[in-house]
Every structure is written in C-alpha cells, then in structure tokens.
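Fold and contact review
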Amino acid sequence: MRFEPTEWAVVPLGTPSAVDTAITGAKAAHLARAAVAGLPVLPGFVLVPAERAPGALTGQEALRGAWRTLAGGEGREPLVVRSSSLYEDTENSSMAGRFDSVLDVQGWDSFVSAVRTVLASARRVRPLRPAAQDVPADGMAVLVQPMLKSAVGGVMFGADPVEGRTDRILVSAVRGGPDQLVDGSTPGVRYQLTRLARTVGGDPAGRRGDRVLTRTRRHQLVSLAKSTERVFGGPQDMEFGFDGEGRLWLFQSRPITAMAPRPPRGARLFGSGPVAETLPGVLQPLEEDLWAVPMSHGLTVALDIAGAAPRRRLRRLPVVTTVRGRAVADLRLLGTVPPAHPFLDRVNTANGARRAAAAWRVGRLRSALPLLAVDLMADVDRALAGFPPAADMLSGRLLDGVAWGRQALSALHAQESLAGALLGTGSGATAAGEALAELAEDRGRGLGDEELIALHPVLLALLPPTLSGRPPLPDAGNVTFLPRGVDSLPVREGLRLRIRWVQEMQVRMLAELARRLSAGQGDRGEASLPRLALLRWDELVRAARGEGLPADLGERVPRPESGALPAVFRLADGVPVAEKPSGPSVPGQGQGAGGGFGVGTAWDGRGGRPERPVLIVEHLDPALASLLPGLAGLVAQTGSPLSHLAVLAREHHVPTAVGVAEAIERFPLGTALAVDGGTGAVTPHDLPGTPATPTASRQETAA
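So, a few notes on the structure that sits alongside this text. (Residues numbered from 1 in each chain as written. Predicted model: local features only at pLDDT ≥ 70, side-chain atom pairs only at ≥ 80, totals over all residues. Heavy atoms only, no water.)

This part covers unusual backbone geometry. Unlike most non-glycine residues, Asp104 shows phi in positive territory, near 55 degrees. Locating Asp104 in the fold gives a position in strand β5 (residues 102-105). Residues other than glycine seldom take positive phi values, yet Asp573 does so here, at roughly 55 degrees. Inspection of the secondary structure assignment puts Asp573 in the loop between β16 (569-572) and β17 (575-578). By relative accessible area, which is 82% here, Asp573 ends up exposed. (Helix = DSSP H or I, 4+ residues; strand = E, 2+ residues; numbered from the N terminus. Buried < 20%, exposed > 50% of the residue type's maximum accessible area, 1.4 Å probe, protein only.)

The structure is reproduced here in structure tokens:
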C-alpha cells in the first residue's frame, strides 16, 4: 500500500469522526471513544485513506502539522506508530500482534518510514482461518501517539479469560512498557484481583513481593477496568502504563475474544476412569446404545446394591454417559473422588441408614458373589455357544441376539463392578496377560489375526469393541510367561472377558444384518456396518422390522476423533473444562493460558508437521501465529497468558501452557504429550486412537 501524503487524511483522536471504526479502524476508534468518556488516553491522530474521511485535512502540510504537534517543534519527542485496521480488535477476532508497530520514532524521515512499515504489514498478514478472506490493504489506518516512557506497564483483562470468571480481573505487569509482555519475551508478574482490588491469585507471594503493582496501582487498574466496561458494554482486553509520576494511561482497549467456558455451580465431575478400559475410543451412536448404556445400567445396579449412592440420584443421573463420543463416568457416584461436602455426608442420617441396609446386603453378597458370577458366566457361555453362525440365522433372530447382548452386558457389568469392590484382584492374573501369552505362543504358526482369534477368543481382550473395522493384534514378541487357560482367571477378569465376547457376538450379528439391509437397499452402501453405526438402537429396530432406514442416513457423518479428554473435568455448555488439582502443583508444571485440553506429538515448528502437533517453543513470539490452526497444543518455556500469541491461541481453541520449565529439553521431538490449558500441566500421554498394548502383571511374568 503506497504512502503519498496527498492520498491520506489526518483525523485527530478528539474529533467526532475518530470514534467511527469504519473510518479510523477499531483500535483508534476505541481509544477515541475512551477519550470522549474521560478515560486517560494520550492525544494523537489517525492517518486514513482520504476517501474514508472527506472533510478531514489532507496533504503534506496537514500531516507535518499534526506530526509537529506531537513531536514538538524540532521533532525530537519520540512517537509510537501503530496499526488500526478495520479487521483487528473486533468482537470476533483480535488479530493481536499480527500487524507491525514501531516504537520510539524520532524525526520526520523516521516517522514516514514507520508509517510505511505499518502499512506494509497489511500485505504480509494472512488469515488464520481457512475460510477467512485476506485482509485488504485499504482497510488499514495508522495510529500515531506520543511514546510514553512507562515506569510500569502491562496487560489487563476485565474478566479472567483462562478460568472464564467475570468476577475476576487478570493483570500481568512488568517494569517498563507493555510491549515486552505482549510479544511473549517477558512473562511479567500475574495478579488475579477481585472487583474490589483484593489479590486472590496469580504468581506466588515471592514474585509479587517486588511490588510491581502497589496497592494503590491495583486500585487504579480495577477502577479503569470498570470504567472501560461501562463505556464499551463488556469486559475489555487493555494495555496500560504508569508514567514516572504514577499517572495511569490507557494504550489500547478491545473486546475479550476468547473467554473460557465456566461450568455452572454444582456441575457433575466426570472422568474416563475405569470405563476407558472397556470403551477407550470414540463411540458412534449405535455403539453408545449397545455398550455404554448397558454399562451405565449395570453400574447403577451395583451402586444401588452397595448403597454407595441414594437411589433417587441414581435414577436421575446416568452413571456413564458420553462426551464428544467418549465414554465417561460420574466420578462422585463411583466414589473415586471425595464427596463435595464430607461433613454433611457424615451427619446425614438418611445416608447412615442407607449404608447400614447396604452393609447387610453386601455382607450376604460377599460370600454368594463368586458362585453367582460363575453361574452368570456359565449362562453367557452357553448362550454364546448356542447361537448358530450369523449367516444361518433369520434377520429377526439376529436382532434378538443383539438385544439379548444388551441385557447380558448390563448383568455382567453389575457383577464385574461388585466383584472388583468386594472380592479384590485375586491372583493378579488378567485376561490381557493371558491373551498376550497365547499370542506369543502361537505367532510363529503363520496364522492371521482372524484365525488366531477363532482359535483363542481370549485375544479379544487385547482389542477394543468397534463397528468400524477391527485394529490389528499387538506385538507380543517380548512376552515369555506361559498361558494357563481362561479357567484360571479370577472372577472379575472372567466377567470382563465375557463382556468382550458378548460385544464381539453383537458385532458379527450386526455385520450380517447390515449385509442384508444393504442388499435390500439395492446395494447402495447405506447399510454397511460403519454406516449402521450411525443409527440409534430404536432406528435399527425399526429398520430390521421392515420400516426402512432413516431418510437422512446418507447425510450423517461419523463422530470425529476429537482427541483425549481431561482426566477429571466438568461440563460447561457441553465443553469439557479440566478440574484444577487441589494439592500442590507438579514440579515443572506451567501456567494455564486457556484453550482447553489436547493430546498430540511434540514439534518445534520446523520440518515435517505431525498429524496432531504440540508446538514447543522458548517464548510466545507473535510471528508463530500462522502455525496455530490445527495445533493440538502450545507449550512455551516463558511468556504470559495475556500475551498476543496466547490470545490468538485461545481464539483458535489451542490448549496453551506457558512458563513450563525446560520444556524444549524435557519434551524432545516426537514425544506424545497431553496439554491442559486450564492447569498448565504438560504430561506424557498415549496418542488418541492408539491404545496402549496391555501388559501383564508381575505375578504373571514371574510365572
């Protein structure tokens, strides 16, 4: 974009047209609006294309006059020259740090060069979202103000965008100007303040002890945050500075573009917990109805028998549900986390009576459960053996067999849960260990996976259930212990193995049913097994009864691989929000900068890009913005959650952790990592869609 003074108009910040974003751009218009409202804004002017401001002064003399007013008669006072695009600092996109700013500009020639630098940055910027259009160069304006030498500067958010709290004000402050904080080179000192300016969080007291922000300064900032919120109608993202005399100045104000969702009070506490052992992947709708619903019912029965939760609550809340297609459990109902109100739980007489009644039932059940479990397993084995090959069954019998499987799974899950709680682990042998031993013994026979599974059904313990194509069996070449046989497994492992066998029976029957339905549809492929997985159970029943497939089945798409979920989380409008640990932070853990939770592979931004990259960098350089789309995570050794790149990362839902000590050395290229943008934790993790190979227990290895 050319810079010819005759083609540019000078619009002072104090004029009415300066508050029009269509003329001066959002950044300058917001400052002009703040100045009109009496907020502490430095004077200045905006250079805009002449056609956007017909009544404004244009030409060399007008520009020199405006420059001389700010820079002094001899032009020795330093200025700051900044972008003010029509497309930045909006409610939907901040484009933070994407355009150039030039600081400490002295002299006319340097001023003209700085203006050209800012205008040229409009041609370099490309949108981060594929669907967005390029930023037109004629949408740029140039904001010019005096360069204030700040004693203390920083960034302030009128709400906490990381925790999604509108009752908190988040500040990062540094000695000097805020530019060293927003460019990610300096982390600053972080303060979490109430709206009464009381410090309730942030950096440890040792870091706050350097008094970057005194009590008076904190009160001034909170007052400014409230004032900007009143002027603009919502919490703002602001840059500020205190001059040498202690006066506070507002350098920038824009809407907060990426507020983290906040769970409602009393939201349920979820986690994959033990359910991920049975259902580790993303479930399609029919898989959810076939396997997650019976699991939830079985666990509900077990919890009711054990008296672990009020029956009314168990009827109202499912123990197991799905989030983004992944099976998760209510951790409080399962008793894997302490109660929310332990004192009230202890004094609750109804709770005591319920537990007393449950203790009587459990006492009788403890001795009877092994025999009941053996009977159930025998019944399941007889039923499975009694089914003829799926190809020889009538279609109605196929559906009946799948329905029987749902009922059997509910009973198996109930007894498996009770066995785990009442009988312990027994010998320590596992179905997965027995399967690995069988696999290691027979791998050399040259048999394929299907032949091996037919010969040793215990091998199914190594594979998750799915209607979308079975993964290959894992490698078991390093297993040296000998198989003992399925009958040697303890009760709980025997029940788990039957669960897997019933699921496989359902898969085989549904595959045959899909083949017949597809033939009835003229072989259009709409009823293939993966497509059938997109149905709900009631839709499948109607289709099997001859009522036809849903008209929209061809338009349905499978649930995508959405990445792993946090270990413990609550839901906010359907979005998982990781629960912060109550204990001390893990050594080397960083600070959460928002963006959610993600799992991927460590990457340094160079060379081949992994499928789900976690970018590991030294600091949050805004020049890395073009790499943000598609990142599974962003980890920086230094930086602030309020820096420009952190803001952009939140806008693109990239889980971000800053201040992670020695991240580059600790996480080499190719390391599988989980990044929690809420807590700042960065930990090794299995990649989604790649289940870990089960390993045998020490007892089995010793054998």
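Text resumes after the structure shown.
What follows concerns the sheet that holds strand β24 (residues 682-684). With respect to topology, seven strands assemble into an open sheet ordered β18-β22-β21-β20-β19-β23-β24, the strand pairing being mixed. In this open sheet, the two strands that pair with only one neighbour each are β18 (591-592) and β24. (Pairing = 2+ DSSP bridges.)

Our focus in this paragraph is the pairing of strand β12 (residues 248-255). A regular strand places its side chains so that they alternate between the two faces of the sheet. Across the eight residues that make up β12, a large majority, eight, are buried. Two strands pair when backbone bridges link them, and strand β11 (residues 236-242) and β12 are joined in this way by seven bridges, in the antiparallel orientation. Each residue of the ladder has a partner; that of Phe242, found in β12, is Leu248. Hairpin connection of β11 to β12: five residues between the antiparallel strands, including Gly246 at a positive phi of 85 degrees.

With respect to the element layout, Glu288 can be found in helix α9 (residues 285-306). Once you skip the residues sitting within four places of it in the chain, Glu288 turns out to touch Leu283, Val293, Thr322, Arg536 and Arg559. (Contact = heavy atoms within 4.5 Å.)

This part covers the packing of aromatic side chains. This model, assessed by the stated rule, comprises six aromatic pairs. For the ring pair Phe387 and Trp404, a centre distance of 5.7 Å and an interplane angle of 65 degrees mean the geometry is edge-to-face. With Phe387 in the loop between α13 (349-386) and α14 (395-422) and Trp404 in helix α14, this pair connects stretches of sequence that are 17 residues apart. Given the relative accessible area of 25%, Trp404 is considered partly exposed. Arg64 extends its terminal NZ or CZ atom over the ring of Trp108, reaching a point 4.1 Å from the ring centre. (Phe/Tyr/Trp six-rings, centres within 6.5 Å; stacked < 30°, edge-to-face > 60°. Lys NZ or Arg CZ within 6 Å of the ring centre and 35° of its normal.)

Next up on the list: the pairing of strand β1 (residues 8-12). Of all five residues that make up β1, four are buried, and the element is covered over most of its length. One ladder, built from two bridges, connects β1 with strand β3 (residues 57-58); its direction is antiparallel. The residue bridging Ala9 from the neighbouring strand is Thr58, located in β3.

This next bit is on the packing of α14 against helix α19 (residues 537-547). The interhelical angle for the contact between α14 and α19, taken along N-to-C directions, is 155 degrees, at an axis separation of 11 Å. Of the possible angle classes, the one that applies to α14 and α19 is roughly antiparallel. Seen from above, α14 lies across α19 with left-handed handedness. Along the contact surface, α14 presents Leu399, Val402, Ala403 and Arg406, while α19 presents Trp537, Leu540, Val541 and Ala544. A per-class count over the contact of α14 with α19 returns seven nonpolar, no polar and one charged. (Axes fitted to C-alpha atoms, helices over the stretch in contact; angles between N-to-C directions. Parallel < 35°, antiparallel > 145°, perpendicular 65-115°, else oblique. Left-handed = near helix turned anticlockwise from the far one by under 90°. Nonpolar A, V, L, I, M, F, W, Y, C, P; charged D, E, K, R; others polar.)

What follows deals with the packing of α9 against α14. Across the interface, α9 lies against α14 with an axial gap of 7 Å and an inter-helix angle of 40 degrees. Overall, the two elements α9 and α14 adopt an arrangement that is oblique. The crossing of α9 and α14 is right-handed. Facing Asp289, Leu290, Trp291, Val293, Pro294, Met295, His297, Gly298, Leu299, Val301, Ala302 and Ile305 of α9, the residues of α14 in contact are Val402, Arg406, Leu409, Ser410, His413, Ala414, Ser417 and Leu418. Of the residues belonging to the contact of α9 with α14, the class tally is 13 nonpolar, five polar and two charged.

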